[in-house]
Every structure is written in C-alpha cells, then in structure tokens.
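# Geometric and topological summary
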There are 2 protein chains.
Amino acid sequence: MGALEVKVTIDRRSPSPLYHQVAEQLTSAITDGRLKPGDPFENEIALVERLKVSRPTVRRAIQELVDRGLLVRRRGLGTTVANSKVHRRFELTSLYDDLVRDGRQPRTDVLTHEMTVNERAAAALDLPVDTPLLHVARVRHAGEIPLALMRNWLPPHLSDLTREDLETYGLYAILRERGIRPVVAQQSIGARMPTSLERRHLHIRGSQPVLTMTRMAFDASGNAVEFGDHSYRASDYTIELMVDER
Amino acid sequence: MGALEVKVTIDRRSPSPLYHQVAEQLTSAITDGRLKPGDPFENEIALVERLKVSRPTVRRAIQELVDRGLLVRRRGLGTTVANSKVHRRFELTSLYDDLVRDGRQPRTDVLTHEMTVNERAAAALDLPVDTPLLHVARVRHAGEIPLALMRNWLPPHLSDLTREDLETYGLYAILRERGIRPVVAQQSIGARMPTSLERRHLHIRGSQPVLTMTRMAFDASGNAVEFGDHSYRASDYTIELMVDER
DNA sequence: CAAGTAATAACGTCAGAACAAAGTATTGAC
DNA sequence: GTCAATACTTTGTTCTGACGTTATTACTTG
C-alpha cells in the first residue's frame, strides 16, 4: 500500500529491452538510497499499470534484482528491499583491477615471455599435454612494494600477446579488449613458505609465508582462456570474495 | 536438425512446476553423458511440440541449464551443450561437508562455548557492538590430523545451540535443520604464521604457515547468520572455489 | 472471547500469439 | 565465379489472459 513509487521512464524506441530498462532504474533507486532496506516494494500489478508494460516484463525486471540480492520476494506477502550490507556480487577481476580501484599506482615487470610445453597447465586447460602454450611470468608492484608473482599459461590462439601489452595492461583487460570474456573459473587457494625465487622477487625476508592461488578460467562456451599460478605476499594481500547461493 | 531427442516425461499432477521437471530431465541427460559437449540441442519450438507444453515453459527450463553453465544459446544459431569441464557451481559448504564427502572420519572438539561481547564480530554481523553473542571455538580433525581451528560468533536468536549439537553436527547442518539458510557470505582469505594457540591445537611444528579465512554470512533477507574466523593447516588444506559470472 | 474460517492481496505458474533480431544458407545478377 | 540481396531458421522480447498458492486480515461462530 504505502510503497514508494520509484520514478521509471521507459523508452520503447531504445534497443535496450524494456525489462532491462526497468531493472536498471529500480536498481539505482536502491543503490543510491531512495529505497532503504526493509522498505516495502511496489507490487507487480501496480507497477504494470503505472509503467504501462506487461506483467512478464515487470516480473523479469524484478527477478533481475532478486537474483542480485537487492530484493526479497515472498508469495502472499509482497516484495521488500533486502537488508543486505553487501549488495555487490563477487566479480571475476584481477589484481590489476583491484589496485587501480584502490587508487594505488600499479607497475608490472614481465620476467618471462616464451612458448613452452607444460603438462600441468595444458591439462588444466583441457588441451593435449603437448600443446605449446604462451608462458608469461610477471611481478606486480603497488607503489614500490612487490605484491605478487604471477605465472600464466595461455592457449595457442592467444599466443600473440606481446610483452609490451602485458607491461601496460592487466591480462584480463587485454582479454576483454579482444572480446574474450572469462565467465567461469575454478580456483584453489593455499599457503606455504616461499621458494627462493619468490623470496627474491617479492622481497620476502625472514619467516613470512606466501598466499597461493591457481586458477583455470573458461569462457561461456567452456573454452579454455588461461591457467594461472600466482603467489602473493601474505603480509600485504588478502583475497576477498563474495559467495552467493541464489 | 539432427539433434538428439532427450526423453522427457512430464506429470501435470505433480506439485513440481513443469519447467522444473523439464529442466531436471534435461540436466541429467547432460550429466550422465547422453548429451555430450558440443552436441546440438533440440530447438525450442521442436521441444514445445514434442512435450506439448508452452514455449515460455520450455524457455524457462532451458534458461535454468544456461544459468548453470550446461548450455550455450546463440540467437540464429541454436543451442549447444557447453564444453565445460566443471559444470558444478560453487556451493556454500563447510569443511565438515567436505570431509564427509571425501569419506574421511571427521571429529570435532569444542574448546569454548560461551556468551561474550565482541566488537569486531558484532560489527561484522551488522549488530550493535554491545550485543552479547554466542562464541564457539572448535578444532576439526580428519582422522587423527587436526585440520582447522574455527572460532564463530552467532547472533542472539541462535544462542541456544548446545555444545553437544556442535560436537555432533557441522554448524551449517544445524542451521539448515532450523530452516536457516545462509545464501550470501563475504569471505576474506589470507595467510600468516601461526599463533602459539594455533601451533598447539593444530600440531604445527617448525616454520609452517596457516591459511586464514574470515566469513560473514547472511540469509536471503540479509539477516546476519554467523561470523567466523578460521585457521587451517596450510600443508593439508586448500580452499577450492568456483567463480561464476553469469 | 477465542478459535476457526472466509475474503483478499500478492506472488507463482502456464498458455498462446506475434513480432524482432541475429546468423546461416541460398539464390540471383553481373 | 564472386558478391550482394534475399529467404529461412532459431532464439529474444513483449503482450494478453487465466488460474494456482500462500500469507494476512477480518469476520463469524461456538
């Protein structure tokens, strides 16, 4: 009843689907605080009449917000704004993106850039074990602190990435640029004492561990995109993630 | 054209929705290998006529598989079985579940079980800092090896969990039993050298690190469910996860 | 007055239809 | 024979309409 009416304008000439236009505007109403956690949400039928669109369209828009955890629907009860502190979904990002977002100045040194055969990486990427892969090893700095030693293996169709590209951009930015979008990744996170190589490149002194992460990434069709084996200075880095069971 | 016709039987008297019945049977056709990666999938309209259901029903069923990464749809082209090695979505599980699945004999010792006020935990759970919380510390063994030292804080409405419950069942199993389903969690993973408490309880000798994980878990409405601060023997444990951007 | 019951509001499921958009394959002109 | 226009296939979007299911509220009744 006393639900706030969020202002929504729809443009039927836009190439963007109606349900998406609606979803976008409802989303921003929540993220910018016009609607607060616990607030009752305008019901479907009222929205249908107010926006002059069909019920499936409204339902699909609302469903989009429910999937992202912004709304909670209960049959017979109505829809309310979720009380979630953290509306953000976990995204498949790279360390580079993280640093840029934090406003720190990242720098990348490329240590290795060569074609090799690596059985473990090939197996992880679901390719024949003797497939030649582009092997890249990089050290990522934040300011003057070396944070990560990253070793990645890329399948043949990406073997033309240049050393210069990798020094300038993050790996995932380069892939996105080429229209390659990793959407699924299997990661394994652990910890151990550093190797001498890691001690040297990450400036680890004394008895400090490294945080390790291996990752197999695939695109929407299940094609291998990259295999990565990374080590982080544990004293300066944690892996943040958002698990979402919806 | 030459797409295989997956056998699907639908029961209109079942309380289970039609789209779900269809999705289930299509899913098993892929997971048990009747349909293989790359195989063309029967098109929507053909399925509609064969199963005598409406197109929205078929579309919703197919969408369910697409969301789980089993199928790939391309407009004008058709639908094909995804080439994914790993169809399984990452699930919000506990170590206990992992061990049981591996067939190892888990054992839990409850070290602490008391009401306390903890500012950090209360803040994480989005509760007033002086809220009394149930603090539980446990050691989880696999066989005779101590794998994890787990400290959890639970909000007031869960403070009646008994020591016995916690020794017998996993925390998440107890919560499920009560109809509480954590669906979102913010986790932070790191590594460091063990404290003396951790050395003692996890039998860590010499210079071996621990893998640490803190977690804030919430239910679908955004209500706090638990705050956890865990340490794992890094030599025997890694955190496996599946990132999914769909 | 309390407990059961009926009305109501809201979301959930399902159908059938029409048109749009994106690829692919075919056809026709030069 | 090559290239461009056209036809066709398949998924994407949107609509209208109907009925089912669940929780709340108000009313009735013992």
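What you see is a predicted model, and the numbers here were worked out from it, not measured in a lab.

Attention now moves to the overall build of chain A. Helices and strands together make up the secondary structure of chain A, namely eight helices and ten strands. Counting the 246 residues in chain A, one finds 33% classified as buried. Contacts spanning at least 24 positions in sequence make up 62% of the contacts within chain A whose residues lie at least 6 apart.

This brings us to helix H3 (residues 55-67) of chain B. All names here are of chain B. Here H3 contains 13 residues, and its C-alpha end-to-end distance of 18 Å stays within 8% of the 18 Å for a straight helix at 1.5 Å per residue. Inspection of H3 places Thr57, Val58, Ala61, Ile62 and Leu65 among the buried residues, and these make up the whole buried set. Looking down the long axis of H3, one finds its buried residues gathered within 130° of arc, a one-sided arrangement. In H3, the exposed positions that point more than 90 degrees away from the buried face belong to Arg55 and Pro56. Of the surrounding secondary structure, the elements contacted by the buried residues of H3 are helix H1 (18-31), helix H2 (44-51), strand E2 (71-74) and strand E3 (78-81). One or two steps after H3, the chain reaches Gly69, where phi turns positive at roughly 85°.

The subject of this paragraph is the sheet that holds E2(B). Residue and element names in this part refer to chain B. Pairing is antiparallel across the open sheet formed by three strands, whose spatial order is E1-E3-E2. Both edges of this open sheet fall to strand E1 (40-41) and E2, since each of them pairs with a single strand only. Across four bridges, the pairing between E2 and E3 is antiparallel. The partner of Leu71 across the bridge, within E3, is Val81.

Take the sheet that holds strand E2 (residues 71-74) of chain A next. Residue and element names in this part refer to chain A. Spatial ordering of the open sheet is given by E1-E3-E2, a layout of three strands whose pairing is antiparallel. On the outer flanks of this sheet lie strand E1 (40-41) and E2, each paired with one strand and no other. By the bridge criterion, two bridges tie E1 to strand E3 (residues 78-81) in an arrangement that is antiparallel. What sits directly across from Phe41, in E3, is Thr79.

Residues and elements named next belong to chain B. Where burial is concerned, most of strand E8 (residues 210-219) is hidden: eight out of the ten residues are buried. The sheet contact formed by strand E7 (residues 182-192) and E8 spans ten bridges and is antiparallel. In the sheet register, Ala191 faces E8, and the bridge partner there is Leu211. Two elements, E8 and strand E9 (residues 224-233), share nine bridges in a ladder whose sense is antiparallel. Within the sheet, the bridge partner assigned to Phe218 lies in E9 and is Ala224.

For the rest of this paragraph, the subject is the protein's contact with DNA strand C. Neighbouring DNA strand C are 19 residues, the closest being Asn43(A), Pro17(B), Leu18(B), Ser54(B) and Gly76(B). When grouped by side-chain class, the residues that make up the surface near DNA strand C number seven nonpolar, seven polar and five charged.

Taken residue by residue, a regular strand's side chains alternate between the two faces of the sheet. All names here are of chain A. By the criterion of burial, strand E6 (residues 145-154) is predominantly enclosed, with eight of the ten residues buried. Across six bridges, the pairing between E6 and strand E9 (residues 224-233) is antiparallel. When the sheet's bridge partners are listed, Ala148 is paired in E9 with Tyr232.

Our focus in this paragraph is the protein's contact with DNA strand D. Taken together, 20 residues form the shell around DNA strand D, and within it Pro17(A), Leu18(A), Ser54(A), Gly76(A) and Asn43(B) come nearest. Sorting elements by how many residues they give to the surface near DNA strand D places helix H3 (residues 55-67) of chain A first, with three residues. Per-class residue counts for the surface near DNA strand D are eight nonpolar, seven polar and five charged.

Let us look at the domain arrangement of chain A. Here chain A is partitioned into domain 1 (18-81) and domain 2 (95-233). Its C-alpha centre places domain 1 of chain A at a distance of 40 Å from the equivalent point of domain 2 of chain A.

So, on to unusual backbone geometry. At Lys52(A), a residue that is not glycine, the phi angle is positive and equals roughly 60°. Assignment of secondary structure puts Lys52(A) in the loop between helix H2 (44-51) and H3. We note that His203(B) has phi near 55°; this positive angle belongs to a residue other than glycine. Relative to the helices and strands, His203(B) resides in the loop between helix H8 (196-202) and E8. His203(B) sits in the exposed class, given 11 other C-beta atoms within 10 Å.

All names here are of chain A. Two numbers describe how helix H1 (residues 18-31) lies on H3: the axes approach to 8 Å, and their chain directions differ by 45°. Between H1 and H3, the angle falls in the class oblique. In terms of crossing hand, the pair formed by H1 and H3 is right-handed. Residues Leu18, Tyr19, Val22, Ala23, Leu26 and Thr27 of H1 lie in contact with H3, whose contacting residues are Thr57, Val58, Arg60, Ala61, Glu64 and Leu65. Of the residues that constitute the contact of H1 with H3, the class distribution is eight nonpolar, two polar and two charged.

The next thing to look at is the environment of Asn118(A). Residues and elements named next belong to chain A. Note on placement: Asn118 falls in the loop between strand E4 (106-117) and helix H5 (119-124). Judged by the 18 C-beta atoms lying within 10 Å of it, Asn118 falls in the partly exposed class. Considered as a pair, Asn118 and Tyr232 are 114 residues apart in the sequence and their alpha carbons are 22 Å apart. Beyond its immediate stretch of four places on either side in the chain, Asn118 contacts Leu133, His135 and Trp153.

Time to look at the environment of Arg192(B). Position of Arg192(B) among the secondary structure elements: in strand E7. We classify Arg192(B) as partly exposed; it has 18 C-beta atoms within 10 Å. Each C-alpha atom, one on Arg192(B) and one on Thr212(B), is 7.5 Å from the other, the two residues being 20 residues apart in sequence. When sequence neighbours within four positions are dropped, the list of residues in contact with Arg192(B) reads Pro209(A), Ala234(A), Pro209(B), Val210(B) and Thr212(B).

Let us now look at the confidence of the model for chain A. Residues and elements named next belong to chain A. Overall, the prediction assigns chain A a mean pLDDT of 84, with 89% of residues at 70 or greater. In the model of chain A, helix H4 (residues 95-102) stands out as the element of lowest mean pLDDT, 62, in contrast to helix H8 (residues 196-202), which has the highest, 95. Low pLDDT, under 50, characterises residues 85-92; the predicted model gives this stretch 20 contacts beyond four residues in sequence or across chains. Across the assembled chains, the prediction reports ipTM 0.69 with pTM 0.72.

The rules behind the values
Residues numbered from 1 in each chain as written. Chains lettered and ligands numbered in written order. Predicted model: local features only at pLDDT ≥ 70, side-chain atom pairs only at ≥ 80, totals over all residues. Helix = DSSP H or I, 4+ residues; strand = E, 2+ residues; numbered from the N terminus. Buried ≥ 20, exposed ≤ 12 C-beta atoms within 10 Å, placed from the backbone. Contact = placed C-beta atoms within 7 Å. Expected span 1.5 Å × (residues − 1). Arc of directions from axis to C-beta. Pairing = 2+ DSSP bridges. Near = placed C-beta within 6 Å. Nonpolar A, V, L, I, M, F, W, Y, C, P; charged D, E, K, R; others polar. Domains from an automatic or database assignment. Axes fitted to C-alpha atoms, helices over the stretch in contact; angles between N-to-C directions. Parallel < 35°, antiparallel > 145°, perpendicular 65-115°, else oblique. Left-handed = near helix turned anticlockwise from the far one by under 90°. pLDDT = per-residue confidence, 0-100.

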